[in-house]
Amino acid sequence: MSRKGSELLKGDREVLLDLDYVAEEHSADGYGSLQNGSFIPARCFAAADVDEVADDDPMYSRCNTRSNQPVAQLGNYFRDGRTKIDFVLVWEIRSRRKKRGKAKSQGNAGEGGAAPAEENNRSERRKAQLAQWRQKFVHNLESAGLLMEKEETANEKKTIHFLKLSAPWDVLLYYAEELCLRAPLQAQPNLDLNTSARVLKRLCIPNVMMESVPNRPLDYYTCAFRKSKMNRFLGCNDQQSYFTNAQRHRVVYEILARTVYGKRKRAEVGVDRLVNEGVYTAAFPLHEGPFQLPKYEICPDELNQRQILYHYWARWWKWYKYQPLDHIREYFGEKIALYFAWLGFYTAWLLPAAVVGTLVFVSGVMSMGSNAPAKDICISEASYLMCPLCNTCKAWNMSDTCTMAKLGYLFDHPGTVLFSVFMSFWAVTFLEYWKRKMATLSHHWDCMDFHEEEERPRPEFAATAPTMQPNPVTGVKEPYFPEKTRLSRMFTGSMIIIMMLCVVMIFLVTVVMCRGIISMMLFHTGSPVLRTEAGTIANISSSIVNLGLILLMGRVYTALAEQLTKWEMHRTQTQYDNAFIFKVFIFQFVNFYSSPFYVAFFKGRFVGYPSNYGTLFGMRNEDCGPGGCLIELAEQLFIIMVGKQVINNIQEFIIPKVKAWHQKRTLAKVLGDNASREPRRWEEDYKLVECEGLFEEYLEMVLQFGFITIFVAAFPLAPLFALLNNWVEIRLDAHKFACEYRRPVAERAQNIGVWFNILEALSHLSVIANAFLIAFTSDFLPRLLYQYKFDNDLNGYVNFTLAYAPRNYTENPMCRYKAFRDNNGDYSLFYWELVGVRLGFIIAFEHVVFFVLRAIDWIVPDVPESLELKIKRERYLAKQALAENQEALLVSRGRGVAHAATPGTSSPASDASFANMS
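Cut-offs and rules
Counting of residues starts from 1 at the beginning of each chain's written sequence and follows it residue by residue. In keeping with the predicted nature of the model, local features appear solely for residues at pLDDT of at least 70, side-chain atom pairs appear and are counted solely at 80 or more, and the whole-chain, interface and lining totals rest on all residues. The side-chain figures draw on all heavy atoms in the structure; neither hydrogens nor water molecules are used. Comment: elements are numbered from the N terminus, with helices defined as DSSP H or I runs of at least four residues and strands as E runs of at least two. Throughout this description, buried means an accessible area under 20% of the type-specific maximum (1.4 Å probe, protein chains only), exposed means over 50%, and partly exposed covers the range between. In this description, contact between two residues means that some pair of their heavy atoms is separated by no more than 4.5 Å. Here, Shrake-Rupley sampling with a 1.4 Å probe gives the accessible areas, and only protein chains in the shown set may cover a residue. Salt bridge, as applied in this entry: a Lys or Arg side-chain nitrogen positioned within 4 Å of an Asp or Glu carboxyl oxygen. Nine residue types can take part in a nonpolar core, namely buried Ala, Val, Leu, Ile, Met, Phe, Trp, Tyr and Cys, and a core is a set of them joined through side-chain atoms within 4.5 Å. Each residue carries a pLDDT score, the predictor's own confidence in it, on a scale running from 0 to 100. Two rings belonging to Phe, Tyr or Trp (six-membered ring only in the last case) form a pair when the distance between their centres is within 6.5 Å. Interplanar angles under 30 degrees mark stacking, angles over 60 mark edge-to-face geometry, and anything in between is tilted. Here the expected length of a helix is defined as 1.5 Å per residue gap, with one fewer gap than residues. Identification of polar contacts relies on pairs of N or O atoms within 3.5 Å, with a donor-acceptor requirement for protein atoms, meaning one able to donate a hydrogen and the other able to accept it, and with residues adjacent in sequence counted only if both atoms are side-chain atoms.

K.L.:
What's the story with the overall build of the protein chain in this structure? I'm lost.
P.N.:
Within the protein chain, the regular secondary structure consists of 30 helices and 16 strands. Split into buried and exposed, the 918 residues of the protein chain put 52% on the buried side. The long-range share in the protein chain, meaning contacts at least 24 apart out of those at least 6 apart in sequence, stands at 76%. For the protein chain, the computed accessible surface area is about 42,800 Å², with 59% contributed by carbon and sulfur atoms.

The following block contains the structure:
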């Protein structure tokens, strides 16, 4: 480890930036060649070149491994018990004995076996190519300064190789500066990140949600790391713990992602592409140990990070406790921690919305008996003879729909109008305060000034790009794809998206026709109950069918969108992710919301009137049921929203367990008789499921946000069901990350990315949608206008809303239908007055709500005032710590003030800061 730093950095840059570089052979005392356990010496690579094709694993064929010898369990360390394991590369090799037996049998087959023999030769060449890539990749990792140690787990059929990697101190220092990691200047008290905790503390109310979690990470004022200023950072002499495990993982992954393994022209670089090519079966950092608590009694401070997360976060009975966000961030990185912070913040804000929505629903239940129009319908008996619902149906009495008329009031009363206004304000206020929370967390986690470094090309892009051109920023040649060609492909992809959206519309028409057929069949049964509830039963059954189609189409389109996005050849992972998110969200938006939009804004608008009914494919257009369209919309929202949540939670609970079971079963076969021995950490983590990222989690929550804001006027219980789901969702996701997923590489992030823009768009769309829902779908405005013009108690309102069939309708003369028309089928004066009121309401509603929203945006600053002071304080400390002229620094602190710093525990900057504070 005592090699010159300049030599290391020079070799590092050459290996990682020059794709044609071939590293020189290192002596046995160089990086990556320590003679300890199964460290890989450089001589192995020279020996491997001799028989790289004949051997299954040529790279290590001449290395002596001691993986079968019993060793002491030392946790996440090499065999020396001191060198930390930062990353593990895994690959599997089938037994040579089995393959040679197959080749021999194929050779005896004569001419008839020519084709299988040729196929076998191709397979052997492919495996030799993979072994050669693996050899060069590991060789370059060694040149980059990484330490290595190898373990094997084998049986007669398969050998699983585990290559453990570790970054020495000099490598960590170099990449800490290059990646702009943050270095601690001065400790400060930990922030209380929960507003509810501060409020309850001021009110002197016991807080059952608060729980003391051991080993909370310290909070520091920080600045960008500089190797030349090491002595001014806290803890700079403690090489073992100065960098956190998450930071070490990120440094090693950076090296793995940059390291070359093939040819420059093909841009064969990075571990991600090697995993895609099948060179490695997995690449992951290790968990900190088992998540299960030990059977013996142990002090909480002695638990490892994973056990703390499991015990204080992932267990089901912690559902009402605050999430330990600092622990999550230290273990998984800022990107995952921000997701859980957003999910927890969103769930907490759902609580007041759920309470208000429940109160609105309960008020509807309590006032249901005083609803004058429903009473009028129930006591009307044969007074209102309604026109037939289909061409072959009979006339029916409106009193048959008494129950539905009462239930319709639950979702269509003045309280729901006020609740929709409340939810419009709630959505925007929630996003404004989330921006404040996000700024606080970004500063607290040292991501306030984080900007994604110049991203490298994606492995798939590098593999398929047709040409190479210099990067305008770095000057390094890298794969290039013409922008004009990409735009043409994006245009073609958009056409495919439109075609898929048309398929969704076709399915919607199919569901509508299915609903009509079911309703007619039930009406013709002759049963009074089925005939009365025909519309409700048809609506519920068609909604279930619609949910199945939605989930099926969602799976199909997600796979299609992934292929389209790959075909568009986006250069960086961020560009790829944004394009993929946009495609999937647009489709899922139409997929999930098309049916509710149809019921809310189109159903019952094109029915026509007796003797002039509108038709679709020979069937009469649908009309709203006796309870109105809002109750049908509520039924659809309940089935689609709640059904989707239940199905997703079942999948999230079962699928990872099935995958983990299969992985454990595969590894158990390889272990064989050794399965009873103490399992090693890398083997335990290899049994786990690969982390699938946060896309599906964000998509599920964003679609839920749309359900509780866009259609909340029809379904005031939506926030309550969302709240119950999110309590389950947080624990499911926590358990997956802590117990069932391999540990992901810690990624930095300043915010939740493009998802925030989507949430803002949904919140503004919800204002417009609720305005139209109240104006055109609800009976709120017709009742209000009737009360203003005729009767404040709504006496005679039902009779007023029913028109008589035109005189030329001879099948059922004098039957009634719901519309504001005269005896000739023309719209009445009241109808045009109502249209004016509706348009005026929409304009007034939108202007008032958007004005208040802009006022909230102006009143609530994105960055809290207290945080601005902390940012200024941190910048001041950073300026002091990184000052080039120490003498000028001392003068700036004040004449005649002496400072002394204890090595390894503080720094001049931190001592000066404490002096200034005192």
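K.L.:
Help me understand unusual backbone geometry, please; the structure alone is not making it clear to me.
P.N.:
Residues apart from glycine generally show negative phi values, whereas peptide bonds are mostly found in trans. For Asn-215, which is not a glycine, the phi torsion comes out positive at approximately 60 degrees. By secondary structure assignment, the location of Asn-215 is in the loop between α6 (195–202) and β5 (219–224). Residue class for Asn-215 comes out partly exposed when judged on its relative accessible area of 39%.

K.L.:
Mind showing me how you'd approach the pattern of salt bridges here?
P.N.:
Once the charged atoms of two side chains with opposite charge are near each other, the side chains can pair. All told, the structure shown has 33 salt bridges when counted by the stated rule. Salt-bridge contacts for Glu-697 lead to Lys-736; the nearest nitrogen and oxygen are separated by 2.9 Å. A residue pair is termed long-range when its members are at least 10 positions apart, and Glu-697 in helix α22 (residues 695–710) and Lys-736 in helix α23 (residues 718–740) qualify at 39 residues. Taking relative accessible area as the criterion, Glu-697 reaches 5% and is therefore assigned buried. Among the ionic pairs, Lys-818 bridges to Asp-779, the shortest N-O distance being 3.7 Å. You can see Lys-818 sitting in strand β16 (residues 816–818) and its partner Asp-779 sitting in the loop between α24 (754–777) and α25 (780–789), a full 39 residues away along the chain. Connected via shared salt-bridge partners are Arg-79, Glu-149, Glu-151, Lys-164, Arg-680 and Glu-683.

K.L.:
I keep staring at the nonpolar core and nothing clicks. Help me out?
P.N.:
Among the nonpolar cores identified, the biggest contains 122 residues, and Trp-342, Tyr-346, Trp-426, Trp-434, Leu-633 and Trp-755 are the most heavily contacted of them. Residues in contact with Leu-633, not counting those within four places in the same chain, are Pro-596, Val-599, Ala-600, Phe-711, Ala-714 and Leu-773. If you look at the next biggest cluster of nonpolar residues, it comprises 46 residues, including Ala-183, Leu-185, Tyr-280 and Val-745.

K.L.:
How should the confidence of the model for the protein chain be read in this particular structure?
P.N.:
If pLDDT is low for a region, its predicted coordinates should not be looked at in detail. Per-residue confidence for the protein chain averages 78 on the pLDDT scale, and 81% of its residues sit at or above 70. The low-confidence segment residues 1–74 (pLDDT under 50) makes 152 contacts with residues lying over four places distant or belonging to another chain. Per-residue pLDDT stays below 50 along residues 885–918; that stretch engages in 52 contacts with residues further than four places along the chain or on separate chains.

K.L.:
Quick question: what am I supposed to make of the packing of aromatic side chains here?
P.N.:
What characterises a pair of aromatic rings is the spacing of the ring centres plus the angle enclosed by the ring planes. Enumeration over the complete set of coordinates arrives at 65 aromatic pairs. Measuring from centroid to centroid gives 5.2 Å for Phe-597 and Phe-711, while their planes differ by 75 degrees, and the two rings are edge-to-face. Residue Phe-597 is found in helix α19 (residues 573–601), and its partner Phe-711 is found in the loop between α22 and α23; the two are separated by 114 residues along the sequence. Look at Phe-790 and Phe-830: their rings are 6.3 Å apart centre to centre, the planes differ by 40 degrees, and that puts the pair in the tilted class.

K.L.:
Sorry, what's going on with helix α7 (residues 245–258) here?
P.N.:
In an α-helix, one full turn covers 3.6 residues, which means residues spaced three or four apart are oriented alike. The first and last C-alpha atoms of α7 sit 20 Å apart over 14 residues, in line with the 20 Å expected at 1.5 Å per residue. Three or more residues of α7 are buried, namely Asn-245, Ala-246, Arg-248, His-249, Arg-250, Val-251, Val-252, Glu-254, Ile-255, Leu-256, Ala-257 and Arg-258.

K.L.:
I tried to follow the side chain of Lys-318 on my own but got confused; where do I start?
P.N.:
Along the polypeptide, Lys-318 turns up in the loop between α9 (305–314) and α10 (325–332). A distance of 2.7 Å separates the side chain of Lys-318 from the side chain of Glu-211, its partner in a polar contact. If near-sequence neighbours (up to four positions away) are discounted, Lys-318 is found in contact with Glu-211, His-311, Tyr-312, Trp-313 and Arg-731.

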